[in-house]
Amino acid sequence: MAKIAPSILAADFGNLERDCKMVNASEADWFHIDIMDGVFVPNISYGMPVLKAIQTVAQKPLDVHLMIVDPDRYIDTFADLGASVLTVHYEACTHLHRTLQKIKSCGMLAGVALNPHTPVDVLEAIIQEVDLVCLMSVNPGFGGQSFIETTYEKTAALKALISKKGAKTQIEIDGGVTNQNAATLIQAGADVLVAGSHVFKAEDPPATIKTLKRF
Ligand code: DX5
Ligand code: ZN
């Protein structure tokens, strides 16, 4: 059974407390928090004060996805804000090994996200140091985009790499996840499914989460 991480980017920010409480009461496992800086990606999402507000209500681990340049600047800050998983982009890190060590030294799980064009092989030399790989199944920056089908192959290739290296890395899929692709992703090796629009735009979000948990 995969973990489900509803993406708060798709929540109603005028009713953020209500939507966070819905996640608390649902079968979801983590809160997925998208931080965008308008430089690494062509959009700005929300920052520290909003994360603080989420953290005050959230009763499940915060899975923070940094879509920002030079993420090392904020690792301590996100640890202080209660992140359990901190994911940086491979494409945004010159010294990825150092960045991951720093995240772990702050007591968080260290994640690496790969853009759709980045092959999983780039992680061959470091996979044992990575707690979670987030495969982007859309181009990062916006919720509500269509799932990129080549993600199935990438998921299987990543799973093979993790097995070959004897690593314990979790595989997370982020972008365009729905009940149409969840089962195939899990079969290919996904451990965590992020879902934004599919959950929050649904008529019955807790039931939608429950359905995703059953795949
Ligand atoms: C995209 C974000 C995703 C996004 C997913 O840049 O990283 O987490 O919120 O939203 P949906 O599920 O709507 O594609
Ligand atoms: Zn994300």
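Cut-offs used in this document
Residues numbered from 1 in each chain as written. Chains lettered and ligands numbered in written order. Predicted model: local features only at pLDDT ≥ 70, side-chain atom pairs only at ≥ 80, totals over all residues. Heavy atoms only, no water. Buried < 20%, exposed > 50% of the residue type's maximum accessible area, 1.4 Å probe, protein only. Helix = DSSP H or I, 4+ residues; strand = E, 2+ residues; numbered from the N terminus. Pairing = 2+ DSSP bridges. Salt bridge = Lys/Arg side-chain N within 4 Å of Asp/Glu carboxyl O. Phe/Tyr/Trp six-rings, centres within 6.5 Å; stacked < 30°, edge-to-face > 60°. Axes fitted to C-alpha atoms, helices over the stretch in contact; angles between N-to-C directions. Contact = heavy atoms within 4.5 Å. Donors = N, O, S within 2.8 Å, 3.2 Å for Na, K, Ca; no water. Tetrahedral: all angles 85-135°; square planar, octahedral: opposite > 155°, others 65-115°. Near = heavy atom within 4 Å. Polar contact = N/O pair within 3.5 Å; in protein donor to acceptor, adjacent residues only side chain to side chain. Areas by Shrake-Rupley, 256 points an atom, 1.4 Å probe, with all protein chains shown as cover.

The next thing to look at is the pairing of strand β8 (residues 192–195). In β8, alternate side chains face the same way, and those of Val192 and Val194 on one face and Leu193 and Ala195 on the other are all buried. Examined bridge by bridge, strand β1 (residues 3–6) and β8 share four bridges and lie parallel to one another. The partner of proline 6 across the bridge, within β8, is alanine 195. Bridge count between strand β7 (residues 170–174) and β8: three bridges; the pairing is parallel. Bridge assignment links isoleucine 173 to a residue of β8, and that residue is leucine 193.

A word on the pattern of salt bridges. As enumerated under the stated definition, the model contains eleven salt bridges in all. Aspartate 70 is paired through a salt bridge with arginine 73; the nearest N and O atoms lie 3.8 Å apart. Given the relative accessible area of 47%, arginine 73 is considered partly exposed. Overlapping salt bridges bring together Asp12, Arg18 and Asp19 as one network.

Okay, the packing of aromatic side chains next. Per the counting criterion, the structure on display carries two aromatic pairs. Note on phenylalanine 13 and tyrosine 46: the rings are 5.5 Å apart at their centroids and 50° apart in plane angle, and the pair reads as tilted. Placement of phenylalanine 13 in the loop between β1 and α1 (16–25) and of tyrosine 46 in the loop between β2 (31–36) and α2 (48–57) is noted, with a sequence separation of 33 residues between them. With relative accessibility at 38%, the residue phenylalanine 13 sits in the partly exposed group.

Moving on: the sheet that holds β2. In spatial order, the strands read β1-β8-β7-β6-β5-β4-β3-β2; together these eight strands make up an open sheet with parallel pairing. With partners counted over all chains shown, the strands left at the sheet margins are β1 and β2, one partner each. Neighbouring strand axes in the sheet, compared pairwise and without regard to direction, differ in orientation by 25° on average. Pairing analysis gives four bridges linking strand β3 (residues 62–67) to strand β4 (residues 83–89), with the strands arranged parallel. Residue pairing across strands places histidine 65 opposite threonine 87, the latter belonging to β4. Packing of helix α5 (residues 151–165) onto the sheet brings it into contact with β5 (109–114), β6 (132–136) and β7, and relative to β7 it is tilted by some 165°.

Further remarks concern the coordination of the zinc ion (ligand 2). Around the zinc ion (ligand 2), the protein contributes the donor atoms His32 (NE2), Asp34 (OD), His65 (ND1) and Asp174 (OD), which lie 2.0 to 2.3 Å from the metal centre. Coordination geometry of the zinc ion (ligand 2): the six donor atoms subtend angles of 70 to 169° at the metal centre, consistent with an arrangement described as octahedral. In the primary structure, the donors to the zinc ion (ligand 2) are separated according to the pattern H-x1-D-x30-H-x108-D. In this pair, aspartate 34 sits in strand β2 while histidine 65 sits in strand β3, placing the two residues 31 residues apart along the sequence. Taken individually, aspartate 34 and histidine 65 each receive the classification buried, so the pair is uniform in this respect.

Here we take up the site of ligand 1. By nearness alone, 20 residues border ligand 1, and Asp34, Gly141, Asp174, Gly196 and Ser197 come closest of all. In this structure, aspartate 34 approaches ligand 1 through a side-chain N or O atom, which is 2.8 Å from an oxygen atom. In the environment of ligand 1, an oxygen atom lies 2.8 Å from a nitrogen or oxygen atom belonging to the backbone of glycine 196. Out of a free accessible area of 380 Å², ligand 1 has 99% covered by protein chains. Sorting the residues of the shell around ligand 1 by element identifies β2, β3 and β8 as the ones contributing at least two each.

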